[in-house]
Amino acid sequence: MGYYDRIVYSLRNVTNIKGKLKRDPTTNESVSSALAAELTIISTLLIASLLLRHINIVLTIVVILGLGLILVTNMPIIPKLKREQSDSLEKMTFYAILTLGILITLIYWGTTNV
Amino acid sequence: MNEFIPLMVIIPIACALLLNLFHKKDKTVILMGIIVAIVLPIIPLIANYGLHYFGGHAPLITNSTLLSTLPSTIQNSALALFHPAVTYSYGALQKIFIFILGIIAFFAIFNSLSQNKKVSGPLMFLMFMGTAAVTAILLSDDIFHMYIFFEISALTQTGIILTSKTENNYETALKYMILGSIGGPLLLLGIGFVLGAVGSVNITDIVYAISHNLVDPLSPTLLFAFGLIFFGWLYTSGLPPFHTIKSGVYSKALPNASVLLQAFTVIIFIAIGIAIFRIFSYLPFFKTLIVVFSLIAMVLGVTMAIMQTDFRRMIAFLAVGELGYIGLGFGLATKLSITAGLFQAVNELVITALLFIGFGTILYLTKISDTRKLGGMIQHNSIVAIMVLIGGFAMAGVPPLNGFQSKLMIIQASLQSGFPEISIIAILVSIVTFMVFMKAYHSIYLKPKPNDLVGADKLVPRSSIAAIAILLIICIVLGLFPHLVTDNISQFAMGLI
Amino acid sequence: MTDILLILGDTQLMSLFTAAAFIVVGLFAAIFLDNIIKKIIGIAFIEEGANLFIVALGYKAGGVVPIFLPGMSADWFAANSAYPLPQALVLTSIVIGASTLAVMLAISMVLYKKYGTLSASEILGDKKTQTLAEKNAGDNNE
């Protein structure tokens, strides 16, 4: 199955699950936007992980290979991402608290132990 | 005249309170609203740079007669240098931002007055109160004072959504408040930790205490405080993970009010960002954190924007994504990058205001914000359509407009600091921004008109056209002569590092 | 045993512990409870915890009220008075907290009238919930 078809398929799946197929048809436009978003997120993630070279070269290679593999195997990322970025209060609180936890852990333990 | 400094905050607050008294008398509300809205951008132009101590309580060191009567423990300690009162500092940076905020507030207020048949006293009250609060945040040199005025501005933002009568505005408002009530008190807690460590909430004092080793810079208290204040900053400025709620807030307000909401966010972002930068930039991972969150904001902002079908939500997500560029300026922490970031903030204020007002005319004409149900609006008023198009070019960074200048500066700054990856991502995001804008523009203005699209028998309000035209002129002038703003900002950036 | 008594007798330390408990309980309620009113009560807990924390910072065991009266020596006053700044700050932040709370409760009243329920997962989720008016219309049709 081609990449384009897979995105069409996954979009249709998502809209089906939401029971929105009638109101939210998969148009040419929405697929091409999804494609653009998908490429943006993959390329930026890979380029951003190049920044790790300032810490360690080997780590960078491992991270990029791993990340590339994960991204390619989970290919249509955008529908999943969009589901996570929804307006539901539960999800927003979850990510807020997750960020707070990561921040405090990194800042507190990161500095005292480095 | 330094007396003008507190007046920048007092005049809009007083106006807001008086408007509430005249609630029902429409003519008084209109007259007063317009007069004060005209005065707002003028005050920063005539005020002199300087400091203002509330209650006249200058630091003890400036008053030697009083200092000599005090115990020697105070005379010889840092207490003599500390600021006992809330201090407002007014400089070149504040001048630019308060001036631009004044212009945007004027357009937001003027357009709301001229486009709503029934004058809404509460909306005017909220707009003036929010403007006053944001001005105070920008002027204040006191981190607790910033927190208080931030909470006031958050309340006014909620109020502005509540007055809009759009669908599900109450739900969004409550979500924003619940999330805000987790973020806000944690910010307060962080300020409490700083207060516990240093004993003062004045930023200059805190910086003095940390740089002179009066407190241990790497003590767990300060680290914890940094974590909490940074989290609070993410919330106040709508960086991830708060970007979804922030974009929801923009899209639930009426477009003329969204103009003001995004201006509030940008100014709070830079004001608290500068405060954090001054206090905590000595921490080793400080810059990394800001860069990481800015990159996430940029990428999530544009990728989510492109997936939306509501044009208000698209611009809202784009506005959140553009914040990332400002953050990059802080994160790279060179003189050029901070100048670029703050210049980008000025540009974003103007451009996003232009786009909200411009696309707001569509909502005014058709009452539809779903791009799939719109089309062919260019034949209705092609001049507005072309002006909006140029505004979108400015946001995406097409030369010779202002967005191009600031983004180019950011890219140069990141290349100079040895991070070519960041400049590549900045360019990529800018391209996708362009695509998002073109998608919205095409489906609203260029696509064939759907048969069931009715309405559009009204004319585009003159006040909107005037606002778009003037904001566009600002965009072009800043694009051709960026040094009008960057000269002042780079002086400030020099002092910051 | 004496250690515990010492800790329990330390007003400032106990206040800080109470503040921490407030914040933890409040965060738990705000995140995990579904009822909007309970969430709001949790939020009030977080706010009060932060306020209590700040006001406890200014506490001084055996200190005096920070008002300089005639006849006091400046040295003695400087050594013995409590720190007044946190009290002034907390006073302001209590007012802000109260107004935030009032607005949130008012909004939840409106939402209750609209939906007939206070469940956050139904009202504030991303799925569309039937409003009370829609439910009534549906009943009439049947």
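About the criteria used
Residues numbered from 1 in each chain as written. Chains lettered and ligands numbered in written order. Predicted model: local features only at pLDDT ≥ 70, side-chain atom pairs only at ≥ 80, totals over all residues. Heavy atoms only, no water. UniProt positions renumbered as here; feature names shortened; annotations may be inferred. Helix = DSSP H or I, 4+ residues; strand = E, 2+ residues; numbered from the N terminus. Salt bridge = Lys/Arg side-chain N within 4 Å of Asp/Glu carboxyl O. Buried < 20%, exposed > 50% of the residue type's maximum accessible area, 1.4 Å probe, protein only. Contact = heavy atoms within 4.5 Å. Buried area = accessible area lost by both parts, 1.4 Å probe. Polar contact = N/O pair within 3.5 Å; in protein donor to acceptor, adjacent residues only side chain to side chain. Nonpolar A, V, L, I, M, F, W, Y, C, P; charged D, E, K, R; others polar. Patch = residues over 30% accessible without salt bridge, like charges linked within 9 Å, V, L, I, M, F, W, Y side chains within 5 Å. Areas by Shrake-Rupley, 256 points an atom, 1.4 Å probe, with all protein chains shown as cover. Lys, Arg positive; Asp, Glu negative; His and termini not counted. Charge placed at Lys NZ, Arg CZ, Asp CG, Glu CD.

Recorded in UniProt under Subcellular location (unreviewed entry), the annotation for chain C is "Cell membrane".

Identification of chain A as Energy-converting hydrogenase B subunit G from Candidatus Methanobinarius endosymbioticus is taken from an unreviewed UniProt entry.

Any chance you could explain the UniProt feature "transmembrane region" (unreviewed entry) in chain A here in plain terms?
UniProt marks residues 30-48, 54-72 and 93-111 of chain A with the feature "transmembrane region" (unreviewed entry), using the numbering shown here. Along residues 30-48 of chain A, the helical share is 100% and the strand share 0%, with 26 Å between the first and last C-alpha atoms.

Could you clarify how one ought to interpret the pattern of salt bridges in this entry?
Charged atoms that come close allow side chains of opposite charge to pair. Using the criterion set out here, one finds 7 salt bridges over all chains in the structure. Between C:Lys114 and B:Glu171 there is a salt bridge, with the nearest N and O atoms lying 3.1 Å from each other. Taken together, the residues span two chains, with C:Lys114 in helix α5 (residues 84-115) and B:Glu171 in helix α8 (residues 169-198). Exposure remark for C:Lys114: the relative accessible area of 30% places this residue in the partly exposed category. Looking at B:Glu171, the relative accessible area reads 3%, which means it is buried. A salt bridge links B:Lys407 to B:Glu322, with the shortest nitrogen-to-oxygen separation between them at 3.4 Å.

Can you help me understand the interface of chain C and chain A in this one?
How big an interface is tends to be expressed through the accessible area that disappears when the partners come together. Contact residues are listed per partner, giving 7 residues for chain C and 8 residues for chain A. Interface area for chain C against chain A, summed over the two sides, is near 540 Å², with a carbon-plus-sulfur share of 70%. Counting every contact that joins chain C to chain A gives 1 residue pair in polar contact (both at pLDDT 80 or more). A per-class count over the side of chain C that touches chain A returns 3 nonpolar, 2 polar and 2 charged.

Even after reading the chapter, I still don't get a negative patch on the surface, so can you show me in this structure?
A surface patch of negative charge is lined by A:Glu90, C:Asp34, C:Glu122 and C:Asp126. Relative to the elements of secondary structure, A:Glu90 occurs in helix α5 (residues 89-113).

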